[in-house]
Structures are given as structure tokens and as C-alpha cells.
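These are the residues of each chain, in order.
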Amino acid sequence: MKLILLGAPGAGKGTVAKLLTKMDGSVQISTGDILRGAVQAGSDLGKQAEAFMKAGDLVPDELIMGIMEKRLQDPDCAKGFLLDGFPRTIPQAEALNDLLDRIGIKLDMAVNIDVPRDVILDRLTTRRTCSNTDCQAIYNVKSNPPKQEGICDKCGSPVIQREDETEEAISHRLETYNEKTAPLIGFYDKQGLLMTVTATDSNDVIEAVKAKLES
Ligand code: ADP
Ligand code: ZN
């Protein structure tokens, strides 16, 4: 499957993407994970992206398109992909359309995961992430804590609160979402690709996507 996952920060895009990869071997492509990896590695890309990310601002479209242009042409994308956190702006969505036309790929749909704002806020402040950039497993201090406090179940690395998950950066990220990313819902609706799922349980989102793909 070739899907875009839309939704506010904390809507569960990453969790849904991981569940979907298990269905048919499609790969998850998270621009947030790629960028955090680059920041930790101290690469050029990381150096250019770091300050934007820390403040909860979007990284410039050119940098993101540079990453995606390469990534979408990697052989593992042939089976399918789940775009998690990309596109995030109308210019990125337009550039993605051009890129897909050029490389001859057609999207199945854009899934908008719609979650109430109070649930989002609660999730983001209680979310914890594995600090190992090859793992980046997600936990929640209330609903899904690691077995041993502060230690990742999967790889044993420390589990931390992301630097952009302070209250200030979170409210800024939500504003940025409303202003820059929410317009993509109308953009994909116009193209006849939009599916909106209102659900707080990621398994319900998966079921809805499966049903739609099979119909
Ligand atoms: P979340 O969806 O939880 O906000 P992500 O992990 O997707 O977080 O992204 C973290 C940060 O990485 C964003 O706040 C932004 O600075 C940057 N980023 C990720 N994807 C993009 C993108 N497509 N365009 C611009 N910036 C991005
Ligand atoms: Zn881990």
C-alpha cells in the first residue's frame, strides 16, 4: 500500500504506520525519525535541521524534499510505503505530487487520523521516546510505560522526553499543525484521495484502512 498518514502531532501516525507495515511489508517513512537520526549523527542535514526542530518549527521544505526524493527511490519502497509526518505543508504536497508523477508512482490514499485536542495534549505531555535513534520506540508514562522505568523494552537504551515535548514547544507544534498542515486535508480531499478516521485507538484506524483498501 502507498499511503500518506495525516494528523496532528500525537494523533498516532507512527503507531498506525508500524502496525500497517506488518500487514504487507510496506515500509514506514518518518521524516521526524530521519531528522532526529541526522541530528544525533551530527550530519550536515542534522546541523541544518536542529534549531527548527528544537523550537517546534517546521524544517524548510527544500531540506525535506531532498530527503524524500532519495528515500522514495530506495528499492525497499517498491512494495509500498507509509508516509508518516510528510507532507506537512502545501508546497511539500505539491512537490510530492510532481515527484510521484516523475517516478511513476500512484498513491492509494491519504488517511486523516482525527483525534480530539484534549487527547492529543494529554498524549504528548506523557509521551516518552527511546533515545536510541535506530529504535525510537514510543512509550507513555500513563498508558504504556516500559517494563523497567526509563529503560526501553526493545533495546535497553534510556527512554526520554523529547526536547520538543515541553509544554511550550508542544503548543507551538499544534499551532503550526493547524496553520500549515491541516490545509492538506482539503488538498487531498479535492484529489479524491482523502479518508478520515475518527478514532483514538490505533487498532480501529487499522481496521478502517483495511476495510477501505479491500473495498
Ligand atoms: P510529531 O508528528 O510528533 O510532531 P515528528 O517526529 O513527525 O513529530 O517531527 C518532529 C519535528 O521534525 C517537527 O516538529 C519538525 O521540526 C520536523 N519535521 C518532521 N517532518 C517534517 C516535514 N515533513 N516538514 C518539516 N519539518 C518536519
Ligand atoms: Zn529502544
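Before reading on, note that the structure itself is shown above.
Presented here is an overview of the structure given in this document.

Parameters and conventions
Residues numbered from 1 in each chain as written. Chains lettered and ligands numbered in written order. Predicted model: local features only at pLDDT ≥ 70, side-chain atom pairs only at ≥ 80, totals over all residues. Heavy atoms only, no water. 1 Å grid on protein atoms, 1.4 Å probe; cavity = no way out; pocket = protein on both sides within 12 Å on 5 of 7 lines; lining within 4 Å. Points joined across faces, edges and corners; volume = space filled by probe spheres on them. Helix = DSSP H or I, 4+ residues; strand = E, 2+ residues; numbered from the N terminus. Nonpolar A, V, L, I, M, F, W, Y, C, P; charged D, E, K, R; others polar. Axes fitted to C-alpha atoms, helices over the stretch in contact; angles between N-to-C directions. Parallel < 35°, antiparallel > 145°, perpendicular 65-115°, else oblique. Contact = heavy atoms within 4.5 Å. Pairing = 2+ DSSP bridges.

1. A look at the layout of surface pockets
- Of the voids in this model, the second largest pocket is the one considered here, and its volume is about 370 Å³.
- Lining the second largest pocket are 15 residues; nearest its centre among them are Arg36, Val39, Gln40, Arg162 and Glu163.
- Elements represented by at least two residues in the lining of the second largest pocket include exactly α2 (31–41), α3 (44–55) and β5 (127–130).
- Across the lining of the second largest pocket, the residue classes break down as 4 nonpolar, 5 polar and 6 charged.

2. Observations regarding the packing of α2 against helix α4 (residues 61–71)
- Between α2 and α4, the shortest axis-to-axis distance is 11 Å and the interhelical angle comes to 105°. The angle between α2 and α4 places the two elements in the roughly perpendicular class. In contact with Thr31, Ile34 and Leu35 of α2, α4 contributes Ile64, Ile67 and Met68.
- Among the residues forming the contact of α2 with α4, the class breakdown is 5 nonpolar, 1 polar and no charged.

3. Side note on the sheet that holds strand β4 (residues 109–114)
- The strand order across the open sheet formed by 5 strands is β2-β3-β1-β4-β8, and the pairing between neighbours is parallel. The outermost strands of the open sheet, each flanked by one partner alone, are β2 (27–30) and β8 (194–198). Between one strand axis and the next, the sheet turns by 20° as a mean value, whatever way the strands run.
- Pairing analysis gives 4 bridges linking strand β1 (residues 2–6) to strand β3 (residues 81–84), with the strands arranged parallel. For Ile4, the partnering residue across the bridge sits in β3 and is Leu83.

Purely geometric stuff here, so don't read any function into it on its own.
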